[in-house]
Amino acid sequence: MAGFETSSSYPPQSRYIKMFSHYFPEEVRINILSRLPIKSLVRFQCVSKIWHALIGSPRFKVDHYHYIASNSDGQILVQNRGREINKFSLLDDSLHVFAQLKFPFQFAEYPSFISICNGVFCIYFSYEHKIILWNPAIREVRVLQDYPIEYQEDEISSAHFGFGFDAATNGYKVVRVLPYRDQGRNYIPHKVGVYTLRNNKWREIKGPRPTRCDHLSAETYAQGAFHWLLGTNNESAWPLDANNEIYQSILSFDMTDEMFYWICLPDVSSGRSVNLSSLNNFLATIFHSFFGPEKCYDVWVRNGNHIDGSWTKQYCIKASLGVARPRLLWKSQIFALTNAEGKLVSYDLHTEEVGDIHANEPLAAFDIFIYHASLFSVKC
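Conventions and cut-offs
- Residues numbered from 1 in each chain as written.
- Predicted model: local features only at pLDDT ≥ 70, side-chain atom pairs only at ≥ 80, totals over all residues.
- Heavy atoms only, no water.
- Phe/Tyr/Trp six-rings, centres within 6.5 Å; stacked < 30°, edge-to-face > 60°.
- Helix = DSSP H or I, 4+ residues; strand = E, 2+ residues; numbered from the N terminus.
- Buried < 20%, exposed > 50% of the residue type's maximum accessible area, 1.4 Å probe, protein only.
- Lys NZ or Arg CZ within 6 Å of the ring centre and 35° of its normal.
- Core = buried A, V, L, I, M, F, W, Y, C linked by side-chain atoms within 4.5 Å.
- Contact = heavy atoms within 4.5 Å.
- Axes fitted to C-alpha atoms, helices over the stretch in contact; angles between N-to-C directions.
- Parallel < 35°, antiparallel > 145°, perpendicular 65-115°, else oblique.
- Left-handed = near helix turned anticlockwise from the far one by under 90°.
- Nonpolar A, V, L, I, M, F, W, Y, C, P; charged D, E, K, R; others polar.
- Pairing = 2+ DSSP bridges.
- Patch = residues over 30% accessible without salt bridge, like charges linked within 9 Å, V, L, I, M, F, W, Y side chains within 5 Å.
- Areas by Shrake-Rupley, 256 points an atom, 1.4 Å probe, with all protein chains shown as cover.
- Salt bridge = Lys/Arg side-chain N within 4 Å of Asp/Glu carboxyl O.
- Expected span 1.5 Å × (residues − 1).
- 1 Å grid on protein atoms, 1.4 Å probe; cavity = no way out; pocket = protein on both sides within 12 Å on 5 of 7 lines; lining within 4 Å.
- Points joined across faces, edges and corners; volume = space filled by probe spheres on them.

Which residues make up the packing of aromatic side chains, and what values go with them?
Remark: the centre distance and the inter-plane angle together describe each pair of aromatic rings, the angle taken between the planes. Scanning the entire structure with this criterion turns up 19 aromatic pairs. Judged by centre distance (6.0 Å) and plane angle (85°), the ring pair of Tyr172 and Phe376 falls under edge-to-face. A residue pair is termed long-range when its members are at least 10 positions apart, and Tyr172 in strand S9 (residues 171–178) and Phe376 in the segment after strand S24 (366–371) qualify at 204 residues. Since its relative accessible area comes to 5%, Phe376 is described here as buried. An angle of 50° between the planes, with centres 5.6 Å apart, marks the rings of Tyr195 and Trp202 as tilted. Neither Tyr195 nor Trp202 differs from the other in exposure class; each is buried. Cluster of aromatic residues (ring-pair linked, three or more members): Phe88, Phe103, Phe121, Phe125, Trp134 and Tyr371. Between Arg176 and the ring centre of Trp202, over which it is positioned, the NZ or CZ distance is 5.7 Å.

An account of the nonpolar core is requested, with residue identities and associated values reported.
Among the nonpolar cores identified, the biggest contains 37 residues, and Ile131, Leu133, Phe163, Val174 and Trp228 are the most heavily contacted of them. If you tally residues by element for this core, the top one is S9, at five residues. Sequence-distant contacts of Leu133, defined by excluding residues within four places in its chain, comprise Val120, Phe121, Cys122, Glu140, Val141, Arg142, Leu144, Phe163, Val174, Leu197 and Val378.

Mind laying out the packing of helix H2 (residues 26–33) against helix H5 (residues 58–70), listing which residues take part and the relevant values?
Contact pair H2 / H5: the axes reach a minimum separation of 9 Å and the direction vectors enclose 45°. As summarised for this structure, H2 and H5 are arranged oblique, according to the angle between their axes. Crossing hand, H2 versus H5: right-handed. Counted together, Glu26, Glu27, Ile30 and Leu33 of H2 and Arg59, Phe60, Asp63 and His64 of H5 form the full contact between these two elements. Here the contact of H2 with H5 is built from residues that sort into three nonpolar, one polar and four charged.

Break down the sheet that holds strand S10 (residues 191–196) for me, with residues and values.
What the four strands build is an open sheet, ordered S8-S9-S10-S11; its pairing is antiparallel. The sheet terminates laterally at strand S8 (160–166) and strand S11 (201–205), the two strands that pair on one side only. This sheet shows a mean twist of 25° between the axes of neighbouring strands, independent of strand direction. In this sheet, S9 lies alongside S8 in antiparallel orientation, the contact comprising seven bridges. Paired with Gly162 across the two strands is Val175, which belongs to S9.

Could you give me a rundown of a nonpolar patch on the surface, with the residues and numbers involved?
Taken together, Phe24, Val28 and Ile32 make up a surface patch of nonpolar side chains, about 210 Å² in accessible area. By the element assignment, Phe24 lies in the loop between helix H1 (12–23) and H2. On the accessibility criterion, Phe24 (37% relative accessible area) is partly exposed.

Just give me the short version of the pairing of S11, but keep the residues and values in it.
In the sheet, S10 pairs with S11 via five bridges, with the strands oriented antiparallel. Its bridge partner being in S11, Gly193 is matched across the sheet by Glu204. Here S10 folds back onto S11, and the loop between the two strands holds four residues, one of which, Asn200, carries a positive phi near 55°.

With reference to specific residues and values, describe the sheet that holds strand S2 (residues 87–91).
The strand order across the open sheet built from four strands is S3-S2-S1-S24, with neighbouring strands paired in antiparallel fashion. Two strands lie at the open edges of the sheet, namely strand S3 (97–102) and S24, each paired on one side alone. Each strand axis lies, on average, 30° off the axis of its neighbour in the sheet, ignoring direction. In this structure, strand S1 (residues 75–80) lies alongside S24, joined through six bridges in antiparallel fashion. Counterpart to Ile76 in the pairing with S24 is Ile370.

Describe in detail H5, supporting the description with residues and values.
Along its 13 residues, H5 runs 18 Å from first to last C-alpha, staying within 8% of the 18 Å computed at 1.5 Å per residue. Considered for burial, the residues of H5 that qualify are Phe60, Lys61, Val62, His64 and Tyr65. Turning to H5, the residues buried within the fold contact H2, helix H3 (38–44) and helix H4 (49–55).

An account of unusual backbone geometry is requested, with residue identities and associated values reported.
Here the phi dihedral of Asn280 falls at roughly 55°; this positive angle occurs in a residue that is not glycine. Assignment of secondary structure puts Asn280 in the loop between strand S16 (272–279) and strand S17 (282–289).

Describe in detail the layout of surface pockets, supporting the description with residues and values.
Here the second largest pocket defines a volume of roughly 940 Å³. Lining the second largest pocket are 31 residues, with Ile38, Lys39, Ala137, Tyr371 and Ala373 positioned closest to its centre. Elements supplying a minimum of two residues to the lining of the second largest pocket: H3, H4, H5 and S3. Of the residues forming the lining of the second largest pocket, the biggest block, five residues, is contributed by S3. Taken together, the residues of the lining of the second largest pocket break down into 17 nonpolar, nine polar and five charged.

The structure is reproduced here in structure tokens:
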């Protein structure tokens, strides 16, 4: 075969690899390999140095994840607080548990923060003062170094964390906000640290402008930024939730420019609880009206990003169907807790049908996420 060595000294498998690498341009090779599952790609890295370099390159990892994320809605991942805290249950499309992800460390405490971005977990244990990055698909774990920023002992318990992916550098970042309330109960994030995985370092950066707020609450990652709800007990503020906490706005941290931004909540009437979520990687809010004859959930999605965007009301869900406390949006479904039994159920936004989650054990207390497996490393 012209232009290609076919010596009998090469085994057949090796000749196929050389043919693939010789006759197909890199763009075609990346396009073909990016469609394969991660387990196959991990094995293929052992085939040759060429494939190892290609599959291990930052560009391929990004292309592979973009293909997977754009052609799949991901999987629902449930962490049950009532059982072993180091296990995560993966649900299939029929909402049955089909696999377990086992955290490689054993801790006596339940994590105070769990976030998943591009297939990588960020888990914080407050008593241990440890932040752990974990990619179960490629079995990599990294324990972050201690914080170099000085803090008081009582500050660390009130720390709030964010986790996301910087598309400009193709790397992960962790943000830590230590809030401070003065005598006027002004919320001042006076100490903000950012950890960059690529450099393996913490840096102190400027925090957002002060605002009258008591704490950061529900959180989510969307559109390259991490978002927190700002809560307060000031009765003159709005909207009020079922726990008598008031959420005024959303605080967003951009993972690329490392700036804080403020997002106003949709213009809704008072007397509604609110939760953050994401829908197709867009920031979403779920409002629940618990006063008046028309109890319902309104799902608002932010078109655009945290810098330039607007809210659009996408769904209205009748609360009379027995669902309460919406937690997550996925595909055409919304996951919630039922009023009567307090268990996790699914609600179809189009058919208005309520379905059970077919777990092997009761889900009395849980965290729920959307998971896409990835090749992204936490080692560098």
